[in-house]
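Secondary and tertiary structure notes
The lines below spell out each chain.
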Amino acid sequence: MIGFFRNGALGLFVLSALYVLMSIYLRSLARERYENDWADQQAQQSAQGAGTTMSRDEFVEARLQDYKKSLRAKLVLLVFIVPITAVAAVIYLMNYA
Amino acid sequence: MTYVKWGVGVVLALFLFAFFHYTLPQHDIVRIVGTENRRIDFGENSIFWASPDVGTSQLSNRDVFFIQTQLPNGKPMVYRNEDTGWGWPPYFKLDSSNLQAEAASLVSPKADPIWVSVTHYGWRNEWLTIFPNAVGVKVVSGPEATIIPWANIVILVLLLLIVLLIRAMWRQFKERSIDPVLEDVGEAWDDVEDRADAAGDYGRGLWAKIKAKFGALKR
């Protein structure tokens, strides 16, 4: 029984590390996307004639605040749910089916 | 030098292939001939054995279940039947006693065979006395039945996706965090070189003027 708890704790630790890495990666992708959006917006505005524009940092930070609340950021929790479900499925299929 | 890199790559690839060939499940279609229980003292081949039944204690010798079978071509094949428990490989096999009972119920004579598909992992090697670990048995229609290794397909595809994901993550990190720093370092170094060149030019010009002054004085 102790083996289950030990390996379970180790597994949860590894999954937490993966969760952190995945959220950093996805946020980095989002940041790059918003920086490109800002560049596009600048190009558009200079083509149409100047309007009031936010600085790049303000623009990107504002978009990132919305991103943090969005569904996509929450999907990273799947990093916890999917492996645990897979292990449970393997245990069931191996021993009870 | 390229031979060394190539050699290391080949060795690594072979090692990975051997690792997956040992650990991933395979299927054999066999006729079960008998089951038994043997006392094994683990010696130098101990890494090829699994764990004691979940909940029992670890010793340097214990009883191990065996399932004796015969392949369709007449050759014998012997499997062990051990719990992997919570350890490696992650089969979470906890029911070796049940599996032994199942196997015993499927023993059949040559004249009236019951062909079963034994799912197993590991290698059979007579020189090391190691046996594959049977993980499940299922009755099949005959020795020619086709079995599609779904588990292997799923696992290998997942591994490929994980490798691609790691590659993408590394590239993103490199592009956004490492390359800009390297560029700054490169530019700073170029500045240092430019200033050193300018200082050198100034020094040379000064020396030329001094030499000219002395030359004029000498004459």
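For the structure, see preceding data.
A brief structural summary. (Residues numbered from 1 in each chain as written. Chains lettered and ligands numbered in written order. Predicted model: local features only at pLDDT ≥ 70, side-chain atom pairs only at ≥ 80, totals over all residues. Heavy atoms only, no water.)

**Let's talk about the overall build of chain A**
The condition is simple: Note on conventions: DSSP H or I runs of at least 4 residues are helices, E runs of at least 2 residues are strands, and numbering of each starts at the N terminus. Within these notes, the globule rule equals 2.2 Å times the number of residues to the 0.38 power, and the radius of gyration is based on C-alpha atoms. For the exposure calls, accessible area comes from a 1.4 Å probe over protein chains only, and a residue counts as buried if that area is under 20% of its type's maximum, exposed if over 50%, partly exposed in between. Residues count as neighbours in contact if any of their non-hydrogen atoms are within 4.5 Å of one another. Each accessible area is a Shrake-Rupley result for a 1.4 Å probe, and residues are judged covered by the shown protein chains and nothing else. Within this scheme the basic residues Lys and Arg register as positive and the acidic residues Asp and Glu register as negative, but His and the chain ends are omitted. To locate a charge, take atom NZ for lysine, CZ for arginine, CG for aspartate or CD for glutamate.
Scanning chain A from terminus to terminus reveals four helices and zero strands. Listing the helices and strands of chain A from first to last along the sequence gives α-α-α-α. The globule rule puts the C-alpha radius of gyration for 97 residues at 13 Å, and the 21 Å found for chain A is more than 25% above it. Along the longest, intermediate and shortest principal axes, the C-alpha atoms of chain A span 70 × 25 × 15 Å. Burial analysis of chain A (97 residues in total) assigns 20% to the buried set. Expressed as a percentage of contacts within chain A between residues at least 6 apart in sequence, the contacts between residues at least 24 apart total 74%. As displayed, chain A offers around 7,100 Å² of accessible surface, 66% of which is attributable to carbon and sulfur atoms. For chain A, the distance from the average site of its 10 positive side-chain charges to the average site of its 8 negative ones is 12 Å.

**Some thoughts on the packing of aromatic side chains**
Just so we agree on the cut-off: For Phe, Tyr and Trp, where Trp contributes only its six-membered ring, two rings pair if their centres lie within 6.5 Å, and the inter-plane angle classes them as stacked under 30 degrees, edge-to-face over 60, or tilted in between. To sit over a ring, a charge needs its Lys NZ or Arg CZ within 6 Å of the ring centre and within 35 degrees of the ring normal.
The full count for this structure, using the stated rule, is 16 aromatic pairs over all chains. When the centroid spacing of 4.7 Å and the interplanar angle of 50° are considered together, the rings of Phe 4 of chain A and Trp 86 of chain B count as tilted. Of this pair, Phe 4 of chain A sits in helix α1 (residues 2-48) while Trp 86 of chain B sits in the loop between β3 (76-81) and α2 (96-105), placing the two residues on different chains. With a centroid separation of 4.9 Å and 10° between ring planes, the pair formed by Tyr 91 of chain B and Tyr 121 of chain B is classed as stacked. Of this pair, Tyr 91 of chain B sits in the loop between β3 and α2 while Tyr 121 of chain B sits in strand β4 (residues 115-121); the two residues are 30 residues apart in sequence, bridging distant segments of the chain. Neither Tyr 91 of chain B nor Tyr 121 of chain B differs from the other in exposure class; each is buried. Among the aromatic residues, those joined into a cluster by ring pairs are Tyr 22, Phe 48, Tyr 91, Tyr 121 and Trp 123 of chain B. The residue whose ring lies beneath Arg 38 of chain B is Phe 66 of chain B, and the NZ or CZ to ring-centre distance is 4.1 Å.

**Side note on the interface of chain B and chain A**
Applied cut-off: Here the quantity called buried area is the accessible surface, traced with a 1.4 Å probe, that two parts lose on coming together, added over both. For this analysis, a salt bridge means a side-chain nitrogen from Lys or Arg found within 4 Å of a carboxyl oxygen belonging to Asp or Glu. Three categories are distinguished: nonpolar for Ala, Val, Leu, Ile, Met, Phe, Trp, Tyr, Cys and Pro, charged for Asp, Glu, Lys and Arg, and polar for the others, with Gly belonging to the last.
With 15 residues of chain B at the contact, the number on the chain A side is 16 residues. Buried area between chain B and chain A, both sides added, is near 1,400 Å², and the carbon and sulfur share of it is 61%. At the surface where chain B touches chain A, the tally comes to one salt bridge. A total of six residues in the side of chain B that touches chain A trace back to one element, the largest contributor, which is helix α3 (residues 150-218) of chain B. Each residue belonging to the side of chain B that touches chain A can be placed in one class, and the counts come to nine nonpolar, two polar and four charged.

**Let's talk about the environment of Lys 138 of chain B**
Residue and element names in this part refer to chain B. Along the chain, Lys 138 falls in strand β5 (residues 133-139). Classification of Lys 138 as exposed rests on a relative accessible area of 57%. In this structure the C-alpha to C-alpha distance between Lys 138 and Asp 201, which are 63 residues apart in sequence, comes to 86 Å.

**Digging into helix α2 (residues 56-69) of chain A**
Residues and elements named next belong to chain A. Defined as follows: How far a helix is expected to stretch is found by multiplying one less than its residue total by 1.5 Å. Arc definition: it is the arc formed by the directions from the helix axis to the C-beta atoms.
Look at α2: 21 Å from first C-alpha to last across 14 residues, which is about the 20 Å you get at 1.5 Å a residue. Looking only at α2, the buried set comprises Phe 59, Val 60, Leu 64 and Tyr 67. For α2, the angular spread of the buried residues around the axis is 125°, confining them to a single face. Facing away from the buried side of α2, by more than 90 degrees, are the exposed residues Asp 66 and Lys 69.

**With respect to the environment of Arg 72 of chain A**
Residue and element names in this part refer to chain A. Secondary-structure assignment places Arg 72 in helix α3 (residues 71-74). The spacing of Arg 72 and Ser 23 is 49 residues in sequence and 9.9 Å in space, taken between C-alpha atoms. The contact partners of Arg 72, leaving out residues within four places of it in the chain, are Arg 33 and Tyr 67.

**Some points on α2 of chain B**
Residues and elements named next belong to chain B. When α2 is considered as a whole, its buried residues turn out to be Ser 96, Leu 99, Gln 100 and Ala 103. Within α2, the buried residues cover an arc of 105° as seen down the axis, which keeps them to one side. Exposed positions of α2 whose direction lies more than 90 degrees from the buried face are Ala 101 and Ser 105. Along its buried surface, α2 packs onto β1 (26-41), β2 (61-70), β3 and β5.

**Some thoughts on the side chain of Asn 95 of chain A**
To keep things clear, this is the line we draw: Between N or O atoms, a polar contact is any pair within 3.5 Å; within protein, one atom must be a potential hydrogen donor and the other a potential acceptor, and residues adjacent in sequence are included only when both atoms are from side chains.
Among the structural elements, Asn 95 of chain A can be located in helix α4 (residues 78-96). Within the local environment of Asn 95 of chain A, its side chain forms a polar contact with the backbone oxygen of Phe 92 of chain B, the two atoms lying 2.9 Å apart. Of note is the side chain of Asn 95 of chain A, whose polar atom sits 2.9 Å from the backbone nitrogen of Leu 94 of chain B.

**Comments concerning the pattern of salt bridges**
One side chain can pair with another of opposite charge once the charged atoms of both are near each other. Tallied over the entire structure, the rule returns 10 salt bridges over all chains. Among the ionic pairs, Glu 61 of chain A bridges to Arg 31 of chain A, the shortest N-O distance being 3.4 Å. Taken together, the positions of Glu 61 of chain A in helix α2 and Arg 31 of chain A in helix α1 put the pair 30 residues apart, joining distant regions of the chain. When the shortest N-O distance is used, the salt bridge between Glu 82 of chain B and Arg 62 of chain B registers 2.5 Å. Here Glu 82 of chain B, found in the loop between β3 and α2, pairs with Arg 62 of chain B, found in strand β2; they are 20 residues apart in sequence, far enough to count as distant. With respect to class, Glu 82 of chain B is no different from Arg 62 of chain B; both count as buried.

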